[in-house]
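# Summary of structural features
Single-letter residue listing:
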Amino acid sequence: MEINILAFGQVAGVTGANFNLKNEVMDTDNLQIILQQRYPALAGMKYAIAVNKKMVHQNTPIVENTTIALLPPFSGG
């Protein structure tokens, strides 16, 4: 299974802006574990996850050809 990862802001500084994962990623919790193993600096960062352009706030299943965005914290105003 291949998923597309788009990273922005400080997250992109750690991971690079865009990359693909070809692992068996079952859900967003599993994705975070894999990313933190691959990029240990992510363990201490706060970032939001969007799955196919929709923000997720709980564990969400990931299927083939999903696009994941890793977004830095937002500030309102």
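Below or above, wherever it landed, is the structure these notes cover. Small disclaimer: the values here were computed from a predicted structure and weren't measured.

## Overview of the overall build of the protein
When helices and strands are counted, the protein shows 2 helices and 5 strands. Secondary structure elements of the protein occur, N-terminal to C-terminal, as β-α-β-α-β-β-β. Against the 2.2 N^0.38 benchmark of 11 Å for 77 residues, the protein shows a C-alpha radius of gyration of 12 Å, consistent with a compact globule. On the principal axes, the C-alpha backbone points of the protein span a range of 40 × 25 × 20 Å. Of all 77 residues assigned to the protein, the portion counted as buried reaches 36%. Here the contacts in the protein between residues at least 6 apart in sequence split such that 47% fall between residues at least 24 apart. Just so you have it, the protein exposes about 4800 Å², and 52% of that area is on carbon and sulfur atoms. Considering the protein, the positive charge centre built from 5 side chains and the negative charge centre built from 5 side chains are found 11 Å apart.

## A closer look at the nonpolar core
What tends to happen in soluble globular proteins is that the nonpolar side chains get buried as a cluster. With 20 residues, the main nonpolar core has Ile 3, Ile 5, Leu 21, Leu 31, Leu 35, Ile 68 and Leu 70 as its most contacted residues. Mapped onto this core, the elements with two or more residues apiece are β1 (3-7), α1 (9-15), β2 (18-21), α2 (28-38), β3 (48-51) and β5 (67-71).

## Comments concerning the side chain of Thr 15
Summarising the element assignment, Thr 15 is placed in helix α1. Beyond its immediate stretch of four places on either side in the chain, Thr 15 contacts Ala 7, Tyr 39 and Leu 42.

## With respect to the sheet that holds β3
With respect to topology, 5 strands assemble into an open sheet ordered β2-β1-β5-β3-β4, the strand pairing being mixed. A single partner strand is all that each edge strand has here, and the edge strands are β2 and β4 (54-56). Averaged over all pairs of adjacent strands, the angle between their axes in this sheet comes to 30°, without regard to strand direction. Pairing of β3 with β5, which is carried by 4 bridges, proceeds in the antiparallel orientation.

## A few points about the side chain of Thr 66
When you line up the elements, Thr 66 lands in the loop between β4 and β5. The exposure class assigned to Thr 66 is buried, which follows from its relative accessible area of 1%. Beyond its immediate stretch of four places on either side in the chain, Thr 66 contacts Glu 2, Ile 3, Asn 4, Val 51 and Asn 52.

What counts and what doesn't
Residues numbered from 1 in each chain as written. Predicted model: local features only at pLDDT ≥ 70, side-chain atom pairs only at ≥ 80, totals over all residues. Heavy atoms only, no water. Helix = DSSP H or I, 4+ residues; strand = E, 2+ residues; numbered from the N terminus. Rg over C-alpha atoms; globule rule 2.2 N^0.38 Å. Buried < 20%, exposed > 50% of the residue type's maximum accessible area, 1.4 Å probe, protein only. Contact = heavy atoms within 4.5 Å. Areas by Shrake-Rupley, 256 points an atom, 1.4 Å probe, with all protein chains shown as cover. Lys, Arg positive; Asp, Glu negative; His and termini not counted. Charge placed at Lys NZ, Arg CZ, Asp CG, Glu CD. Core = buried A, V, L, I, M, F, W, Y, C linked by side-chain atoms within 4.5 Å. Pairing = 2+ DSSP bridges. Axes fitted to C-alpha atoms, helices over the stretch in contact; angles between N-to-C directions.

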